[in-house]
2 protein chains.
Amino acid sequence: MARAGTLYRGIADQVRNRITTGEIPPGTKLPTESQLIDQYGASRNTIRLALAELENEGLIATEQGRGSFVREWSSLTHHATRAERVDRPASSTDAFVAEAREAGFEPSTSFSMRIEPAVSEIADRLQVPVDTFVVLRRVVRYLDGQVNSRQDSWYPMDLAEQAGLNVPHDIKEGTIRAMAAKGFKEVGNIDEVTARMPSPDDQETLDVATGVPVIVQQRTAWTATRPTRVTRVTMPADRNRIIYELGNLDAYEATQQ
Amino acid sequence: MARAGTLYRGIADQVRNRITTGEIPPGTKLPTESQLIDQYGASRNTIRLALAELENEGLIATEQGRGSFVREWSSLTHHATRAERVDRPASSTDAFVAEAREAGFEPSTSFSMRIEPAVSEIADRLQVPVDTFVVLRRVVRYLDGQVNSRQDSWYPMDLAEQAGLNVPHDIKEGTIRAMAAKGFKEVGNIDEVTARMPSPDDQETLDVATGVPVIVQQRTAWTATRPTRVTRVTMPADRNRIIYELGNLDAYEATQQ
DNA sequence: GGTGATTTGTGCGTATGTATT
DNA sequence: TAATACATACGCACAAATCAC
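Note that the structure is a prediction, hence the values are computed from the model and not measured.

Trainee: I keep staring at the overall build of chain A and nothing clicks. Help me out?
Mentor: Broken down by element type, chain A carries nine helices and 10 strands. For chain A, the C-alpha atoms occupy an extent of roughly 70 × 50 × 30 Å along the three principal directions. Counting only contacts in chain A whose residues sit at least 6 apart along the sequence, the fraction spanning at least 24 positions is 59%. As presented, chain A carries roughly 12,100 Å² of accessible surface, and 49% of it is formed by carbon and sulfur atoms. Each charge class in chain A can be summarised by its mean position, and for the 30 positive and 36 negative side chains these summaries are 1 Å apart.

Trainee: Honestly, the packing of aromatic side chains in this entry has me stumped. Any pointers?
Mentor: The description of an aromatic ring pair uses the distance of the two centres, along with the angle that the planes make with each other. Within this structure, the stated rule accounts for three aromatic pairs over all chains. Between A:Tyr244 and B:Tyr244 the ring centres are 3.7 Å apart and the planes differ by 5°, which places this aromatic pair in the stacked class. Pair noted here: A:Tyr244 is in strand E10 (residues 240-247) and B:Tyr244 is in strand E10 (residues 240-247), and the two residues belong to different chains. Like B:Tyr244, A:Tyr244 is buried.

Trainee: What am I meant to see in the interface of chain B and chain A here?
Mentor: The figure often quoted for interface size is the accessible area lost as the parts come together. Contact with chain B, which involves 43 residues of that partner, is made by 43 residues of chain A. Across the interface of chain B and chain A, roughly 3,400 Å² is buried in total on both sides, 65% from carbon and sulfur atoms. There are two salt bridges connecting chain B and chain A. Measuring nitrogen to oxygen at the nearest pair gives 2.4 Å for the salt bridge that ties A:Arg241 to B:Glu192.

Trainee: What is the right way to read unusual backbone geometry from this model?
Mentor: The bulk of non-glycine residues show a negative phi, and the bulk of peptide bonds are trans. Of note, A:Asp207 is a non-glycine position whose phi angle comes to about 55°, a positive value. Here A:Asp207 lies in the loop between helix H8 (200-205) and strand E8 (214-222). Classification of A:Asp207 as partly exposed rests on a relative accessible area of 45%. With a phi close to 75°, B:Asp131 is a non-glycine residue in the positive phi region. Position of B:Asp131 among the secondary structure elements: in the loop between helix H5 (120-126) and strand E5 (133-143).

Trainee: Before we go on, may I ask you to explain the protein's contact with DNA strand D in this structure?
Mentor: The immediate surroundings of DNA strand D are formed by 22 residues, with A:Leu7, A:Asn45, A:Thr46, B:Arg44 and B:Arg48 found nearest. Atoms of DNA strand D within 4 Å of the protein belong to the sugar or the phosphate in 69% of instances, the rest to bases. A:Arg66 places a side-chain nitrogen or oxygen 3.0 Å from a phosphate oxygen of DNA strand D. Mapped by element, the contributors of at least two residues to the surface near DNA strand D are helix H1 (7-20) and helix H3 (44-56) of chain A together with helix H3 (44-56), strand E1 (60-63) and strand E2 (67-70) of chain B. Looking at side-chain class alone, the surface near DNA strand D contains three nonpolar, 12 polar and seven charged residues.

Trainee: In this structure, what is going on with the environment of A:Gln35? I would like to understand it.
Mentor: All names here are of chain A. Along the chain, Gln35 turns up in helix H2 (residues 33-40). For Gln35, a relative accessible area of 41% puts it in the partly exposed group. With 12 residues separating them along the chain, Gln35 and Ile47 place their C-alpha atoms 9.9 Å apart. Only 2.8 Å separates the side chain of Gln35 from the backbone nitrogen of Thr32, close enough to count as a polar contact.

Trainee: Which parts of the structure should I look at to understand the packing of H1(A) against H3(A)?
Mentor: Each pair of packed helices can be described by the angle between their axes along with the distance between the axes. All names here are of chain A. Running from amino to carboxyl end, H1 crosses H3 at an angle of 50°, the nearest separation of the two axes being 8 Å. Between H1 and H3, the angle is such that the two are oblique. As H1 runs across H3, the sense of the crossing is right-handed. Together, Leu7, Tyr8, Arg9, Ile11, Ala12, Val15 and Arg16 of H1 and Thr46, Ile47, Leu49, Ala50, Glu53 and Leu54 of H3 make up the contact between the two elements. Of the residues contributing to the contact of H1 with H3, the split by class is nine nonpolar, one polar and three charged.

Trainee: Before we go on, may I ask you to explain the sheet that holds strand E4 (residues 107-117) of chain B in this structure?
Mentor: Two pairing modes exist for strands in a sheet, parallel and antiparallel, and in both the strands are linked by backbone hydrogen bonds. Reading across the sheet, the eight strands line up as E3(A)-E10(A)-E7(B)-E8(B)-E9(B)-E6(B)-E5(B)-E4(B) and stay open at both edges, with mixed pairing between neighbours. Each edge of the open sheet carries a strand with a single partner, namely strand E3 (76-79) of chain A together with E4 of chain B. Neighbour-to-neighbour, the strand axes of the sheet open up by a mean angle of 20°, direction not taken into account. Pairing between strand E6 (residues 146-156) of chain B and strand E9 (residues 227-236) of chain B: five bridges, direction antiparallel. Directly across from B:Ser153, in E9(B), lies its bridge partner B:Thr231.

Trainee: Explain the nonpolar core to me, please; I cannot follow it from the model alone.
Mentor: One broad trend across soluble globular proteins is that nonpolar side chains are buried collectively. By size, the foremost hydrophobic cluster in this structure holds 20 residues, and its most contacted members are A:Val193, A:Ile242, A:Tyr244, B:Val193, B:Ile242 and B:Tyr244. Those elements that provide at least two residues to this core are strand E7 (188-196), strand E9 (227-236) and E10 of chain A together with strand E7 (188-196), E9 and E10 of chain B. The residues contacting A:Tyr244, other than those within four sequence positions of it, are A:Ala80, A:Thr81, A:Asp191, A:Val193, A:Gln217, B:Asn189, B:Ile190, B:Asp191, B:Val193, B:Tyr244 and B:Leu246.

Trainee: Is there a simple way to explain the side chain of A:Gln217 in this structure?
Mentor: Residue and element names in this part refer to chain A. The topology assignment puts Gln217 in strand E8. Side chain to side chain, Gln217 and Asp191 meet in a polar contact 3.1 Å long. Separated by 3.1 Å, the side chains of Gln217 and Tyr244 make a polar contact. Apart from the residues within four sequence positions on either side, Gln217 is in contact with Ala80, Asp191, Glu192, Val193, Thr231, Arg232, Val233, Met235, Ile242 and Tyr244.

Trainee: Whenever I open this one, the relation of the copies chain B and chain A confuses me. Can you help?
Mentor: The relation between the two chain copies is a rotation about an axis coupled with a shift along that axis. By a simple turn and slide, chain B fits onto chain A: the slide is 0.0 Å along the axis, the RMSD is 0.1 Å, and the turn is 180°. Between the two chains, the operation in question is that of a two-fold axis. Of the residues that chain B buries at the interface, 100% are likewise interface residues in chain A, meaning the two copies contact each other through the same surface.

Trainee: Can you help me understand the pattern of salt bridges in this one?
Mentor: If the charged atoms of two oppositely charged side chains come close together, the side chains can form a pair. Residues and elements named next belong to chain A. Counted under the stated rule, the structure contains 42 salt bridges over all chains. Two residues, Arg219 and Asp191, come together in a salt bridge whose shortest N-O distance is 2.7 Å. In this pair, Arg219 sits in strand E8 while Asp191 sits in strand E7, placing the two residues 28 residues apart along the sequence. For the pair formed by Arg219 and Asp191, the shared burial category is buried.

Definitions and cut-offs
All chains use their own residue numbering, which begins from 1 and follows the written sequence. Key to labels: chains lettered from A, ligands numbered from 1, both in the order written. For a predicted model such as this one, the threshold for reporting local features is a pLDDT of at least 70, and the threshold for listing and counting side-chain atom pairs is 80 or more; totals across whole chains, interfaces and linings nevertheless cover every residue. Note that the side-chain values use all heavy atoms of the structure and ignore hydrogens as well as water. Put simply, DSSP H or I for four residues or longer makes a helix, DSSP E for two residues or longer makes a strand, and each gets a number counted from the N terminus. In what follows, a contact means two residues having at least one pair of non-hydrogen atoms within 4.5 Å. Every accessible area reported is derived by Shrake-Rupley at a probe size of 1.4 Å, with residue values counting cover from the shown protein chains alone. His residues and chain termini do not enter the charge count, which takes Lys and Arg as positive and Asp and Glu as negative. Here the site of a charge means NZ on Lys, CZ on Arg, CG on Asp, or CD on Glu. Pairing of aromatic side chains here covers Phe, Tyr and the six-membered ring of Trp, requires ring centres within 6.5 Å, and sorts the geometry by plane angle: under 30 degrees stacked, over 60 edge-to-face, intermediate tilted. Summary of the burial criterion: residues with accessible area below 20% of their type's maximum are buried, those above 50% are exposed, and those between are partly exposed, where the area comes from a 1.4 Å probe applied to protein chains only. Buried area: the accessible area, evaluated with a 1.4 Å probe, that two parts lose upon being put together, summed over both parts. In what follows, salt bridge is the name for a side-chain nitrogen of Lys or Arg lying within 4 Å of a carboxyl oxygen of Asp or Glu. Summary of the distance rule: residues count as near a molecule or strand when at least one heavy atom falls within 4 Å of that molecule or strand. Any pair of N or O atoms that falls within 3.5 Å is considered a polar contact. Within protein, one atom must be able to donate a hydrogen and the other to accept it, and sequence-neighbouring residues count only if both atoms are side-chain atoms. Think of it as three bins: nonpolar holds Ala, Val, Leu, Ile, Met, Phe, Trp, Tyr, Cys and Pro, charged holds Asp, Glu, Lys and Arg, and polar takes everything else, Gly as well. Every angle, taken between N-to-C directions, lies between 0 and 180 degrees, and every axis is a line fitted to C-alpha atoms, over only the stretch in contact when it is a helix. Every angle not falling under 35 degrees, over 145, or within 65 to 115 is termed oblique; those three ranges are roughly parallel, roughly antiparallel and roughly perpendicular. Each crossing is labelled by how the near helix is turned from the far one, with a counterclockwise turn of less than a right angle marking it left-handed and a clockwise turn marking it right-handed. The criterion for strand pairing is that DSSP finds at least two bridges linking the strands in question. To define a nonpolar core, start from buried Ala, Val, Leu, Ile, Met, Phe, Trp, Tyr and Cys residues and group those joined through side-chain atoms within 4.5 Å. Alignment of copies: least-squares fit on C-alpha atoms of residues with pLDDT of at least 70 in both copies.

Okay, here's the thing in structure tokens:
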């Protein structure tokens, strides 16, 4: 029996073992706090400390009035290198729709746009001075009615005006095509991938539970001469993952058929 | 003043604001629990609930006997698409060393190797049956003496034997070159990027604090006909990020000089 | 539809241990 | 050594959400 130095850690270790060994499978209800109090002879606070530890590890979710449950992690795959292919030149929104359908989900999106001063993280990448006004186009993506991720794209004002992106509605042919049609053809991009715990704001808009980090994929796209946009996708890690396919993968793709 | 429905959330909101606005900058000590008890007129348990929330968001770190401190997030950049270039064909370990030096750190590594039965996640990607024995080569990477990340690589047994990878020491020319020399030349790879909270095991080997997720980058490399390895890099998100450079980025690179 | 029981959430108090200053 | 500060552990009460009847 795993027993750490302190009572609540020892209890957490034992419950964690019962979960990781599969004795308590995903979706299953854990013993109630009262039952754990009896089982381990500890006070309620101590039991709750143990459960909080497991919750912060993303192993369980507790629901008021219902109990604690073993959490399931199953993810939608975002193919980061596929949207750019010539044979599938859809907008990134369409790429999301396609992948969601393939995975058996019913996707939907909601759109909003605003003009705001660029913070340094965006300004640096767009090569404009800080606080220059830029266009932010936001798409919140849903799967079967549940929030899946949030996509924020920032465009330099001049480019947005020329390509007609400074409008408060979605663009059917996709923003990338709209820009290309005006001569801003993207030829490369830099993806920065990080992870962090959700801010209270994320927790609301993305419906992220305690113990689940968010993955942040931030893409800076370039034409042959200048950056065109920064697109940041923020996605809860319990239901999303990113895939990059690099080089020659003919052999791999043959196995996927 | 941000005030949520409950006392401890309201306190957490106010302290969070003081941090995000820069009033309490990174590295600074927060007020002590006693001081917060006085300031907010709440019990110690309530104050600790508020601090625990901030700790789980990765905003602060508490140290017994010292106090709570605003956490800093500064990261080493892993260039995922650079190691594969012909002009820099170093091993992935060397890529780490190079990037660490560029960032002004003193890198070091420790190596271990073992032979173990493949779990399904590895077996599937190496296209061998589950529980087939495979070679695991582990490199723990340090920056200035502190753990930075852990790299685990699994190789099919036949390939490991031919390329001489089933030895308990590092390989100077790099495992990728050693395989290429025996005819297993990698031509492509699939990178799967996910994030999760560290397991107790991770917390020990990677020295990850509460509230900091780990980024997991898992690369399956292929020759023209078969997979050669699965390489999984597990890195704390507070000191690492990944960058993918895709397509033509001449214009971007010109700005980097 | 409603009522009581169950279960987790919030908040208070106290005491003692352990690490740092 | 003493004081300070966070960690662990106990107790209690009531609120809020859910569930079973």
